[in-house]
Amino acid sequence: MLRITPLSLAVLAGLSGPARAELETQPEVVVTASRVARTVDTTLADVSVITREEIDASVARDLSDLLRLETGVDIARTGGPGSQTSVFLRGTNNNHVLVLIDGVRVAALGTGAFTWETMPLAAIDRIEIVRGPRASYWGSDAIGGVVQIFTRKLEAPRVALGYGTYGDANASVGIGDRGDRGGYSVQVGARDYDGFPSQNRDGFSYEPKDHGLENQHLTAQGDLRFGTQTLAGVVLRSQGEVEFAGGKSDFTEQALNLSLAGALGTNWTHTLSAGSAREDYETPAYFALYRTRRETVGWQHTFTPSDTQTVVAGIDYVHEKGENRDTFSGLPNYDESRNNTGLYAGWQGGFGALDAEASARHDDNSVFGTATTGSAALGWRFSDALRAYVSYGQGFRAPTLNEQYSPGFGGLYAGNPDLDPEKSRSAEAGLEFTLAPAHRLKANLYSTRVRDLISFTGPDFQAENVAHAKIEGSELSYDGRVGDWYLQAGYTWQDARDEDTDTRLLRRAKQKFTGRLEHAFGARAKAGVEVLYAGPRDDVGGLRLGSYTLLNLRGSFALSPSWSLAARIENLTDRDYELVHGYNTPGRSGFVEVIWQPQR
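Cut-off values and rules
- Residues numbered from 1 in each chain as written.
- Predicted model: local features only at pLDDT ≥ 70, side-chain atom pairs only at ≥ 80, totals over all residues.
- Heavy atoms only, no water.
- Helix = DSSP H or I, 4+ residues; strand = E, 2+ residues; numbered from the N terminus.
- Buried < 20%, exposed > 50% of the residue type's maximum accessible area, 1.4 Å probe, protein only.
- Contact = heavy atoms within 4.5 Å.
- Lys, Arg positive; Asp, Glu negative; His and termini not counted.
- Charge placed at Lys NZ, Arg CZ, Asp CG, Glu CD.
- Salt bridge = Lys/Arg side-chain N within 4 Å of Asp/Glu carboxyl O.
- Phe/Tyr/Trp six-rings, centres within 6.5 Å; stacked < 30°, edge-to-face > 60°.

Q: Give a description of the overall build of the chain that names residues and reports values.
A: The helix and strand tally for the chain stands at five helices and 34 strands. Based on the C-alpha atoms only, the size of the chain along its principal axes is roughly 65 × 65 × 45 Å. In the chain, which comprises 600 residues, the share counted as buried stands at 54%. Contacts in the chain between residues far apart in sequence, at least 24 positions, make up 60% of those at least 6 positions apart. Within the chain, the 75 negative side-chain charges are centred at a point lying 3 Å from the centre of the 59 positive side-chain charges.

Q: Kindly report on the environment of Ala171, identifying the contributing residues and their values.
A: Within the secondary structure layout, Ala171 lies in strand β11 (residues 168-179). Between the C-alpha atoms of Ala171 and Glu593, which are 422 residues apart in sequence, the distance is 9.1 Å. Sequence-distant contacts of Ala171, defined by excluding residues within four places in its chain, comprise Ala160, Leu161, Val188, Gly189 and Ala190.

Q: Before we move on, could you go through the pattern of salt bridges and cite the residues and values that matter?
A: With the rule as written, the count across this model stands at 39 salt bridges. For Lys442, the salt bridge identified is with Asp46, shortest N-O distance 2.8 Å. Here Asp46 lies in strand β3 (residues 46-51) and Lys442 lies in strand β24 (residues 439-456), a separation of 396 residues in the sequence. Classification of Asp46 as buried rests on a relative accessible area of 1%. A salt bridge links Asp452 to Lys423, with the nearest nitrogen and oxygen atoms 3.4 Å apart. Placement of the pair is Asp452 in strand β24 and Lys423 in strand β23 (residues 422-435), with a sequence separation of 29 residues. Salt bridges sharing common partners tie together Asp46, Glu70, Arg90, Arg131, Glu428, Lys442 and Glu475.

Q: Tell me about the packing of aromatic side chains, and please be specific about residues and values.
A: This structure, assessed with the given rule, holds 11 aromatic pairs. Considering the side-chain rings of Phe114 and Trp116, the 5.2 Å spacing of their centres and the 80° angle between planes classify their relative orientation as edge-to-face. Taken as a pair, Phe114 and Trp116 share a single burial class, namely buried. Aromatic side chains Tyr166 and Phe196 sit 5.0 Å apart centroid to centroid with 55° between the ring planes, which places their arrangement in the tilted category.

Structure representation (structure tokens):
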């Protein structure tokens, strides 16, 4: 464990990176909520953005460490970095969150969930989080919301080296440049993490040895503008090995997107895109190999008949192929493919103080048939400082290939090719108050019903559509700046229940509070503190996970215009807690990083 001394605290107090989201005069522009660029203050959805500056300021090592500080987000992880991670957005399941990387779907076909634990933070430029259903724009999976990750875009050389507790060594090097007609960016990075025992003595396969992570990643992108069109390409590849109690897994994740975008006429633009996603996940101890292959093609058109009216329409086609292979016999448990075609359209309009939005989508799947979803929202601006909105939306989740085709175990827990999609409906009300650009307060109430949830409760425990869930919640968040001080705070209350048994959904806290306070010491140094409280949670077998509070410190110091030093101390009080029963979490730990990035 890292030992904290008064001297180390004094050193850290003189450090810090840029505060999270220095509130700008101009609001953030987002594209995920309605597939077109809109500012946050005009989007009729609950959206938050994590920028690269905020990632650097946090000095966080994992994507889950960032997401757990967001309102409406719960995290469960079976050990340290690299361990299986689940993200619950507004109380919905892990596979009820649509995850995109540069517009490309990246969830595994076997589980329907994204492997959050293998996404390197060094490869991320920006994260957009949209809470609430967006199936009418994006199709399957977007029941709880959408998380879109945009990969790193460098504009100069950059080198970073870091080391921390549990043998956590990180390195990345990249270069980029931009000109009048376009630019490029390339970065490679690696992480070698020795780790700690993933399970404690309550775990079913406890072993007193460290379980670590090895990861290597590449991000590359480029764009070229000619006339009114821009041709762009981006690729992310992450590969490595993660250890767990009883074995290890080898993984390869890859996402590729090519696009041609620009104006086709007056007030008419388009984006023609082709994407590819790949995942290979092999666990020799279980003689298991899972493969996902996904190819997508889409063509979107955006029309702006006036300054206050926008119409978006498009089509996308997805071909998916998944395989689950027994590596002992060399035979596949299943090797299946399916196709999906989606047609969507949306309209956003402003009429003085009134904002309105409506959208609809029709999906035609080669296996489960069709699904049609819609959404609508209305917003009213009482003044420049106060806005309210209400919305209603539908969602669905297509069955995973495991749920459809898995042979199960000895004939038990088998898949069912006749499964229907899970379906949802959600309603939300929001209130936003802005006092000058330096203070923002936001409150949201929401209610979600999910039906036809897939459960292994049929004959011989075969998969079937029988379960129902009811989720109600509220969120309150604040961002404010006074002089050199910056405060961000968020409170989440939610009641996520299985309607059939009237029990709470697992590993989701009823109450959660997060806070970040930072102070600038001149132009070169800042110091910050993070606080996270999560209430009790239910776990498997009727067990109860206790509440916990974490305190983290973070900071950076500009040694020169090109050199900077960053540091982070996690779990300052060395709190012992569990996110999953029987699995350990990091104790008091620290990380220091040196960055070289010449100013242009």
